[in-house]
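If you want the building blocks of each chain, they are given just below.
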Amino acid sequence: MLRTCTLKEASQLDGETVKVCGWVHDIRVLGKIAFIIIRDRYGLAQLTLIRSIIGKENFKKYTKLTRESVICVQGKVQKTEQAKLGFEILLESLEILSIAETPLPLGVADKVSADMETRIENRFLDLRKKEVLAVFEARSAIIQGIREYLAQEHFIEVHTPKIVATATEGGTELFPIKYFEKDAYLNQSPQLYKQILMGSGFDRVFEIAPAFRAEEHNTTRHLNEFISIDAELSFADDNDAMQILENSIKNAIKHAIESEALNALEQDIETPDKPFERVTYDDALDLINSKGYSMEWGEDFSTEALKILGKEIDDFYFITHWPLEIKPFYVLPFEEKYSKAFDLMYKDKELSSGAQRNHNYESLVNIMKQKGLNPENFEFYLRAFKYGMPPHAGWGLGLERLVMIVTGVKNIRECVLFPRDRTRLVP
RNA sequence: GCCCCGGUAGUGUAGCGGCCUAUCAUGCGGGCCUGUCGAGCCCGCGACCCGGGUUCAAAUCCCGGCCGGGGCGCCA
């Protein structure tokens, strides 16, 4: 066993001799005494080196260690007021496990900031910073919160194919790939598959998996590969789906807060205690037009329009009863020109979209034709509607968008370990 | 897809025709110090993206390329 405890655990072991491992965060030499700040995932600890105890040779060797080298040390934990952290480890022996080259392409303990590109190119180093790590701890907690809630509501976690034969919904660009002698695509959404599973009687399913979009977008809120959290439930309408979504989000935030990851981010967010406000498309439209912005019925909200809404309405809110014409073919029509579609917003950000689905075969085929899609290309999907399909509803949620909101991070790339954007394919 | 902005030491920056042998911080190398903790002090190291042009003179202006950041659109 290389270590007997983590640095955080060591802080509680006053008087005991421990063996700990980590990275050299910083070294301060003051003549005959020196301090090495060691770091692991859980925190920092100060190693105190006294030359007269460890010997001149060792003292020199250890204080010449480069930053970010990996070491394993043995020493005695002592509580002391003299150390900022309230304790220190009086060094007895030190083993060098890995020497870090110098200079570092990206400073870890530095005060200077780095550009996004430098950070991503050296992501392994960037991830050593506690505020960067914290984003991923929060992300993990968010996923756990959602998974925990959905499992409790008897959702089955499923995985659908990411290599598919045709476009899911039309519209967005897909990444073409070679599938042996056939042409295929990376899937933009599990939409069609999770609906088929409703026809299978799975009743309630969810999936947390990558989705791919080949749009050349240049924004801080789009990725070409992102994690989509999708849920679908049978014998349910749009309101049921919204409730499940709302509760999932609340549990996600609760978990993120409880994980304490947010402490490193100076992010102050509370679990929303009130129900999310629900605004109809028509009311939202009126609100926007009343603020001096001009928007026609049947248009989607522009970024500028959403900024107005974001200011007028509280944090999380649903926009419901969308015009049928601007939603995909699979949403359920309602009162002729409307649909049972909804979007979940956080201020001006689109977090999720969902709907009660159209489970009527004839109607579905008609709407597909109206939208210029060829039903023959969707035969594998449509046949599930011919032999007993229950009414159902569901949603897709962009994980990284939620992580942005919960952590307060401004660029969505910071919410992914190794982001895929317009030009980035490595690392 | 349309549009805007930017590339200066390892990192982050200042400079935006001659005052540049290029600023500052951080880092790195060396030295001093037994309580540092954003340590301090002294010495040193290290850079104008590439190609072409304008000019007596280019980091600075112009053109092209490469690379990056962002806005809109599209969406999650």
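Residues numbered from 1 in each chain as written. Chains lettered and ligands numbered in written order. Predicted model: local features only at pLDDT ≥ 70, side-chain atom pairs only at ≥ 80, totals over all residues. Heavy atoms only, no water.

(A) Up close: the confidence of the model for chain A. This prediction gives chain A a mean pLDDT of 94; 99% of its residues lie at or above 70. Across the interfaces of the predicted complex, the ipTM metric reaches 0.91, alongside a pTM of 0.94. (pLDDT = per-residue confidence, 0-100.)

(B) Spatial organisation of the protein's contact with RNA strand B. Near RNA strand B there are 52 residues, and of these Q82, T303, L351, R401 and R413 occur at the shortest range. Among the atoms of RNA strand B close to the protein, meaning within 4 Å, 53% are from sugar or phosphate groups. Between R67 and RNA strand B, the recorded distance is 3.3 Å, taken from a side-chain N or O atom to a phosphate oxygen. A distance of 2.4 Å separates a phosphate oxygen of RNA strand B from a polar atom in the side chain of R413. Its residues assigned to classes, the surface near RNA strand B shows 13 nonpolar, 19 polar and 20 charged. (Near = heavy atom within 4 Å. Polar contact = N/O pair within 3.5 Å; in protein donor to acceptor, adjacent residues only side chain to side chain. Nonpolar A, V, L, I, M, F, W, Y, C, P; charged D, E, K, R; others polar.)

(C) Broad picture of unusual backbone geometry. In this structure, P103 follows T102 across a cis peptide bond, with omega equal to 0 degrees. Inspection of the secondary structure assignment puts P103 in the loop between β5 (87–98) and α4 (116–121). V426 connects to P427 through a cis peptide bond whose omega is -5 degrees. Relative to the helices and strands, P427 is located in the segment after α13 (399–407). (Helix = DSSP H or I, 4+ residues; strand = E, 2+ residues; numbered from the N terminus.)

(D) Structural detail: the packing of helix α6 (residues 130–152) against helix α8 (residues 238–258). One can describe the packing of α6 onto α8 by two numbers: an axis separation of 7 Å at closest approach and a directional angle of 140 degrees. Accordingly, the angle class assigned to the pair α6 and α8 is oblique. Classified by chirality, the crossing of α8 by α6 is right-handed. Seen from α6, the contacting residues are A138, A141, I142, Q144, G145, I146, E148, Y149 and L150; seen from α8, they are I244, N247, S248, N251, A252, H255 and A256. Taken together, the residues of the contact of α6 with α8 break down into nine nonpolar, six polar and one charged. (Axes fitted to C-alpha atoms, helices over the stretch in contact; angles between N-to-C directions. Parallel < 35°, antiparallel > 145°, perpendicular 65-115°, else oblique. Left-handed = near helix turned anticlockwise from the far one by under 90°. Contact = heavy atoms within 4.5 Å.)

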